[in-house]
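As a plain string of letters, each chain reads:
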Amino acid sequence: MAASIEIADSITVGELADVLKLPATRLIGELFKNGMVTTINERLDFDTAQIIVGELGLDVELIKKGNDIEPVARRTASADSAHNTERPPVVAVMGHVDHGKTSLLDAIRGAEVAKGEAGGITQHISAYQVEHNNKLITFLDTPGHEAFAAIRQHGAHLTDIVIIVVAADDGVKPQTIEAIRYARKAGVRIVVAINKIDKEGANEALVKQQLAEQNLLIEEWGGDIVAIPVSAITKKGIDALLDMLLLVSDVEELKADPTVPAAGLIVEAHLEHGRGPIAHALVEEGTLKPGDFIVAGASYAKIRNLESTTSKALKTAGPSTPVVITGFKKLPEFGDSFVIVKNEREARALSEEGALRLQASRRGDMSGNELLRLISQSDKLQELPVIVKADVQGSLTSVVDSLKSISTDEVAVRIVSASVGVINENDVHMANSSEQKAILYGFNTSVGTSVKQRAARDRVSIRLYSVIYELIDDVRNELSALLAPELTEKELGTLEIKGVFNTTRTQVICGGKVLGGKLTVPAQVKIERGKEEIARAKLTGLKRGPNDAKDLTEGELGGLEIETTSKLDIQIGDKLTVFTVETKERSL
């Protein structure tokens, strides 16, 4: 009878290994074989844990514990606060790549962001506010390419409402389903925008049917999901969509206390020439002001400039307000929570504690490449060393995570260093000093002339990209080049030995009859006695009578010259199979 083990809705790889009494590396290896490059601290949902236990062949039944895990906290202030005031809803826009999320937001705010995005794909989370019917709505434009799954998931946790954008001419796609899953996990209200209704082939009914298959039943079919047909091009349905967002917001009664110490989340962070570390943040509660001391993870700041996302100077920023902050001592991490403290001494102490926690976390959280080295039973693992520089923290996280995911048990990316900022001479020096010269990849960043000259002198390759999947494709091509080629044997023909005329340590002269096929030189030979293969060697010459021949065909008698690295015992009656070896380049 199978043993029963209770686990929660989600569990870390390390915790699951403990309850199963298995080495963590074995569990990680099984996950890897199933296409998941994970770390010991990474969380698995219950269904994934069940599948992996089944794959391991363990006589164990996993049982889900009662739902004693608190759901993701909704971003509402405590009901008993006397200072609660209405706040704008925070709305994330998600969906499949190319379904028109950014274009839809452009239509809402009358901007043209999509044209400026590399490859037409949103690269970062953008946060900004629009006014509709004298009320504010805060929008988060989340990336749609699969490489930005981490950013997109974080975006869902910042929000009250998620707009799932589905193209009417394309329907529900994998990233649509992923966005739905994240929205549900975050416990937020979902509104569907059926976009591109102006395009030929638009089929709203099919989209609604596909949504129903994902348990999103729209109101007109008896469900509670509102689906608004829109066109980012003609602007049809935009007002109706904004009206619905405000209606949902009113129903949710979103409130926050602006009088408590400000707190929120770092949405994005990057270095800017002349200004230093720049953080894009979302205030969740309280009121932020210039001059406040703010702590975010391992960094802190006395707010030097507080601006809107349109670069307007702000004197205060209340709940649900996206802001740009300058004054950080160093770059905060993407996704860090921030809090306000009384003074610089307290800020410094709190940030030092955050730095120690971060170091401890990184020691315990092995990279995918380190895990690959642990779980690989082969000593033939080929590694591609790379250094990654990116413009902002969120992009860096996505690039690094994507690179880890394309490693296999034969080839792996080894990330020598990953950081935010322009490519500098230290990066070139690090690439040149690594055991195997590393490739320097820059994502949405730049490199100066002197650094280019240093790289050329040291023969360090610098490759700059502004579209993430192009960078990933480049790395995939480099990894493919490390794969051993696929060798296939092409049989040419067979021959039976009728006579052996001369044998030395490195050569055999013999003769025989071609049983089938066509023998040519140069080629390889397998020597078989009965059903057993006894040796392999190289066929270097053919003779027809006393003359050299280019080939021998079925039924012909001929002579053979065979080269070998050790003395061959070829006997009359042995069968020779003549073949060539073809190599085929492999790719990931």
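Residues numbered from 1 in each chain as written. Predicted model: local features only at pLDDT ≥ 70, side-chain atom pairs only at ≥ 80, totals over all residues. Heavy atoms only, no water.

Attention now goes to the overall build of the protein. Looking only at helices and strands, the protein has 14 helices and 30 strands in total. For the protein, the proportion of its 588 residues judged to be buried stands at 48%. About 28600 Å² of surface is accessible on the protein, with carbon and sulfur atoms providing 47% of the total. (Helix = DSSP H or I, 4+ residues; strand = E, 2+ residues; numbered from the N terminus. Buried < 20%, exposed > 50% of the residue type's maximum accessible area, 1.4 Å probe, protein only. Areas by Shrake-Rupley, 256 points an atom, 1.4 Å probe, with all protein chains shown as cover.)

With that out of the way, let us pick up the packing of helix α12 (residues 425–433) against helix α13 (residues 449–458). Running from N to C, α12 and α13 point in directions that differ by 10°, and their axes come no closer than 9 Å. In this view, α12 runs roughly parallel relative to α13, as classed from their interaxial angle. Relative to α13, the crossing made by α12 is right-handed. Along the contact surface, α12 presents Glu 425, Val 428, His 429 and Asn 432, while α13 presents Ser 450, Val 451, Arg 454, Ala 455 and Asp 458. The residue inventory of the contact of α12 with α13, partitioned by class, reads 3 nonpolar, 3 polar and 3 charged. (Axes fitted to C-alpha atoms, helices over the stretch in contact; angles between N-to-C directions. Parallel < 35°, antiparallel > 145°, perpendicular 65-115°, else oblique. Left-handed = near helix turned anticlockwise from the far one by under 90°. Contact = heavy atoms within 4.5 Å. Nonpolar A, V, L, I, M, F, W, Y, C, P; charged D, E, K, R; others polar.)

Moving on, we get to the sheet that holds strand β19 (residues 382–390). Pairing in this open sheet of 4 strands is parallel, and the strands run β20-β19-β21-β22 from one edge to the other. Lying at the two open borders of the sheet, with one neighbouring strand each, are β20 (411–420) and β22 (462–465). This sheet shows a mean twist of 25° between the axes of neighbouring strands, independent of strand direction. (Pairing = 2+ DSSP bridges.)

A separate point is α13. Burial in α13 covers these residues: Val 451, Arg 454, Ala 455 and Asp 458. Taken end-on, α13 shows its buried residues confined to a sector of 100°, consistent with a single buried face. Those residues of α13 that are exposed and angled more than 90 degrees off the buried face are Thr 449, Gln 453, Ala 456 and Arg 457. The secondary structure elements touched by the buried residues of α13 are α12 and β22. Among the residues trailing α13, Arg 459 stands out with phi positive, at a value near 55°. (Arc of directions from axis to C-beta.)

In this section: the sheet that holds strand β16 (residues 299–307). Strand order in the closed barrel made by the 6 strands is β13-β14-β17-β16-β15-β18, with antiparallel pairing throughout. The sheet shows a mean angle of 45° between the axes of neighbouring strands, taken without regard to direction. Sheet topology places strand β15 (residues 293–296) next to β16; 4 bridges connect them, and they run antiparallel. Looking at β16, one finds that Phe 293 is bridged to Lys 302.

With that out of the way, let us pick up the packing of helix α4 (residues 101–109) against helix α8 (residues 238–252). When two helices pack together, their arrangement is given by the angle between the helix axes and the distance between those axes. Taken N-terminus to C-terminus, the directions of α4 and α8 make an angle of 90°; their axes are 10 Å apart at the nearest point. Considered as vectors, α4 and α8 are oriented roughly perpendicular to each other. Residues Leu 104, Ala 107 and Ile 108 of α4 form the contact with α8, whose participating residues are Ile 238, Leu 241 and Leu 242.

Here we come to the confidence of the model for the protein. Looking at the protein, pLDDT values average 81 and 85% of them are 70 or higher. Note on residues 66–79: pLDDT is under 50 here. Beyond four places in sequence and across chains, it has 30 contacts. Note that pLDDT drops below 50 for residues 111–115; the model gives that stretch 8 contacts with residues more than four away or on any other chain. (pLDDT = per-residue confidence, 0-100.)

So, about the nonpolar core. If you look at the biggest cluster of nonpolar residues, it comprises 41 residues, and the most contacted ones within it are Leu 288, Val 323, Ile 325, Leu 403, Leu 471 and Val 475. Per element, the largest residue contribution to this core is 5 residues, and it comes from helix α14 (residues 468–482). Not counting the four nearest positions on each side in its chain, Leu 288 is found in contact with Ala 262, Val 283, Ile 303, Leu 306, Lys 315, Thr 316, Ala 317, Val 323, Ile 325, Phe 338 and Ile 340. Core analysis: the second largest hydrophobic core is formed by 27 residues, Val 162, Val 172, Ala 179 and Ile 218 among them. (Core = buried A, V, L, I, M, F, W, Y, C linked by side-chain atoms within 4.5 Å.)

Let us look at the pattern of salt bridges. What the rule picks out here adds up to 28 salt bridges. Among the ionic pairs, Lys 135 bridges to Glu 86, the shortest N-O distance being 3.7 Å. Separated by 49 residues along the polypeptide, Lys 135 in strand β8 (residues 135–141) and Glu 86 in strand β5 (residues 85–86) bring together distant segments of the chain. Residue class for Glu 86 comes out exposed when judged on its relative accessible area of 53%. For Asp 551, the salt bridge identified is with Lys 518, shortest N-O distance 3.9 Å. Of the two residues, Asp 551 sits in strand β28 (residues 551–553) while Lys 518 sits in strand β24 (residues 507–520), which places them 33 residues apart along the sequence. (Salt bridge = Lys/Arg side-chain N within 4 Å of Asp/Glu carboxyl O.)

Bringing unusual backbone geometry into the picture now. A cis amide bond links Val 521 with the next residue in sequence, Pro 522, at an omega value of -5°. As for its position among the elements, Pro 522 is in the loop between β24 and β25 (523–529). In this structure, Glu 253 takes a positive phi of about 50° despite not being glycine.

Compared with an ideal rise of 1.5 Å per residue, which puts 15 residues at 21 Å, α8 spans 21 Å between its outermost C-alpha atoms and is within 8% of the ideal. Taken residue by residue, α8 has Ile 238, Leu 241, Leu 242, Met 244, Leu 245, Leu 246, Val 248 and Ser 249 as its buried positions. Glu 253 occupies a position one or two residues after α8 and carries a positive phi of about 50°. (Expected span 1.5 Å × (residues − 1).)

Here the structure, examined in full by the defined rule, presents 1 aromatic pair. Its end group placed over the ring of Phe 579, Lys 526 keeps NZ or CZ at 5.6 Å from the ring centre. (Phe/Tyr/Trp six-rings, centres within 6.5 Å; stacked < 30°, edge-to-face > 60°. Lys NZ or Arg CZ within 6 Å of the ring centre and 35° of its normal.)

This part covers the pairing of β19. Within β19, 8 of the 9 residues are buried, leaving the element largely enclosed by the surrounding structure. For β19 and β20, the ladder comprises 9 bridges, and the chain directions are parallel. Bridging from a neighbouring strand, Gln 382 pairs with Val 411 of β20. For the handedness criterion, the β-α-β arrangement of β19, helix α11 (residues 393–405) and β20 is classed as right-handed. (Right-handed = clockwise from strand over helix to strand, strands pointing away.)

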